[in-house]
Amino acid sequence: MMENMKLIADHLVYEYNKGTNQTVRALDDVSFVIHPGEFLGLIGHTGSGKSTLVQHLNALLRPDGGTIYYDGADVFEKSYDRKALRGKVGLVFQYPEHQLFEETVFKEVCFGPNNMGLDIKEVEQRAYAAIARVGLTEECLDQSPFDLSGGQKRRVAIASVLAMQPEILVLDEPTAGLDPKGRDELLSMIMDLRETEGISIVLVSHSMEDVAEYVDRIIVMDKGKILYDDTPKVVFAHAKELEAIGLSAPQVTYILQDLKSAGLDVDTTGITLAEARNTILEALHWKG
Amino acid sequence: MLRDITIGQYYSADSVLHRLDPRTKLVGTLIYLVSLFLFATPLVYVPATLFLMIVIFSSKVPFGYMVKGLKPVLFLLLFTVLMNMIFVKGEVIATIWKIEITKEGLKQSLLMGARLILLILGSNVMTLTTTPTRLTNAMESVMRPLKLIRVPVHEIAMMMSIALRFIPILLDETDKIMKAQMARGADFESGNLVKKAKSLIPVLVPLFISAFRRANDLAMAMEARCYHGGEGRTQMKPLRYTGRDYAAYMILLLYLAGVIVTGKYSTEVLDWIGVR
Ligand SMILES: Nc1ncnc2c1ncn2[C@@H]1O[C@H](COP(=O)(O)OP(=O)(O)O)[C@@H](O)[C@H]1O
Ligand SMILES: [Mg+2]
């Protein structure tokens, strides 16, 4: 059982502004597991504690209660090598392009593996591989990261985390502020990553469409607590409850529900466009 | 980490002190600071400390939170105290490794330490209980006479309020960038001084870029709302004194009188305590 759990979050509690009259309990008894190779979606309204949670996964924040186990070891133990952990749990912050600082894209991507104390050959190899992985061209290598477009900058930032070759990749709202095309490209790149590298991915998002389409499991957060932790189909069956906390089910789910109440015999658990299409065609076929 | 820096940051609460007119607090703080320098006798620190304690208590800002604000200046504080202890000449009471500690030096350094702590806490009370906007409004209003000699009072106040507003924002930003670089394996703690200084580059570059971006956005937003300086500009909430403020001024005067009496007649006061 244990080897099947890569990372265990065990009753995490975290508060901001401790010792003042504005204490915010951002995490309130949060427990869940990340399995190897799993694609996990983390959704919740703004302020529900998603970003706070993901900063615990690589030990950037120390919880006020509870702990995290990685490969069976308590990462907040005194002697635990948290710097090494950050290479294994790669965290891409929201708007990661704001953290770029190097003169060239290549140097920027080398920053992560360099910090891990690898030898220069290995660092450069990883950097080339990561840059190719995120779909940036060779010409970019010697350009200044500040001369790139917004979407490209974000790819550079993601590549710089990928170059550390993490076992779990955590992306905090990676599609925020991108146009629809950039968004789709980025998401299919992430999907690709998981298929070719076999790493676990945690995708933080507040767009149901993003999540429904790709992930194996969804964790829904509200006010620092986990509300649901289940497959997309099960979670999105709770459309009413999701709406109550400022979320929603994917749009196609609503369409299916409307069709159903209008008398068309469709399966309302469909959450992706393809599923909706199939069930509608099927229903029409039966009728006609 | 950086969040521990509470100097200059507003602490929102609902207290008498929060509701005072910012001008009262500004003038009050100035009077308090001056009162610390009026006399050299240690006795004046009794009313000064008492007064500050009462003010802090009525501000509803937790004392621990306020003391946390002393942390960044701890080095300066220790430095001043040590310098005074070592370099003031007089009657030697102890010698540690060729350094002579004198009675006068000890007395002087303790006095300096107490003065600095009261000074910092005193001004901290003002910034903790007054929003930057109200504080700069007060400054603008108090400095208004300087307009006669062509000092650009409004512009100075506006710059101050923007600077004050940016402090917490930039601290937040620094925190975020440091975390992002730590997520990429950066290490800000270990290594020698040169290595530590070097490790700051990945923080400073994005920080400067972000500061410029924010400044640019702000300038654009101000222009979009037709900001054109102080000429003919009115305020949405003009400052107005109320009964509370007059009471505060009375208390201030009483305090000042207390300090002057203890300072002027310090020997008599000591005698009196001694006689009792
Ligand atoms: N640096 C901070 N200081 C104080 N409160 C914070 C800070 N960061 C987040 N919070 C608070 O913690 C809660 C959770 O925030 P966050 O984890 O950023 O949520 P999300 O990423 O889901 O939008 C919110 O109520 C937010 O206001
Ligand atoms: Mg967030």
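As the structure is a prediction and not an experimental result, all values here were calculated from the model.

Section: the domain arrangement of chain A
Interfaces are often sized by the amount of accessible area the parts lose when they come together. Residues and elements named next belong to chain A. Structurally, chain A comprises domain 1 (1–80 + 167–244), domain 2 (102–165) and domain 3 (250–288). A separation of 25 Å is found between the C-alpha centroids of domain 1 and domain 2. At the boundary of domain 1 with domain 2, total buried surface from both sides reaches about 920 Å², with 62% on carbon and sulfur atoms. One can count three salt bridges joining domain 1 with domain 2.

What to know about the interface of chain B and chain A
With 20 residues of chain B at the contact, the number on the chain A side is 24 residues. Considering only the side of chain B, the residues that lose the most area to chain A are B:Lys179, B:Ala183 and B:Arg184, jointly responsible for 37% of the buried surface there. Linking chain B to chain A there are one salt bridge. Across the pair A:Glu108 and B:Arg184 runs a salt bridge whose closest N-O atoms are separated by 2.8 Å. Across the chain B-chain A interface, the total number found is nine residue pairs in polar contact (both at pLDDT 80 or more). Sorting the residues of the side of chain B that touches chain A by element identifies α8 (153–183) and α10 (201–224) of chain B as the ones contributing at least two each. If one sorts the elements of the side of chain B that touches chain A by residue count, α10(B) sits on top with six residues. Of the residues belonging to the side of chain B that touches chain A, the class tally is 13 nonpolar, three polar and four charged.

Topic: the domain arrangement of chain B
All names here are of chain B. Taken domain by domain, chain B holds domain 1 (1–130 + 243–276) and domain 2 (132–240). The C-alpha-based centres of domain 1 and domain 2 are spaced at 28 Å. With 17 residues of domain 1 at the interface, the matching set in domain 2 holds 15 residues. Counting the contacts that link domain 1 with domain 2 gives zero salt bridges. At the boundary of domain 1 and domain 2, one finds three residue pairs in polar contact (both at pLDDT 80 or more). Sorting elements by how many residues they give to the side of domain 1 that touches domain 2 places helix α2 (residues 22–38) first, with three residues. Across the side of domain 1 that touches domain 2, the residue classes break down as eight nonpolar, four polar and five charged.

The rules behind the values
- Residues numbered from 1 in each chain as written.
- Chains lettered and ligands numbered in written order.
- Predicted model: local features only at pLDDT ≥ 70, side-chain atom pairs only at ≥ 80, totals over all residues.
- Heavy atoms only, no water.
- Domains from an automatic or database assignment.
- Buried area = accessible area lost by both parts, 1.4 Å probe.
- Salt bridge = Lys/Arg side-chain N within 4 Å of Asp/Glu carboxyl O.
- Contact = heavy atoms within 4.5 Å.
- Polar contact = N/O pair within 3.5 Å; in protein donor to acceptor, adjacent residues only side chain to side chain.
- Helix = DSSP H or I, 4+ residues; strand = E, 2+ residues; numbered from the N terminus.
- Nonpolar A, V, L, I, M, F, W, Y, C, P; charged D, E, K, R; others polar.

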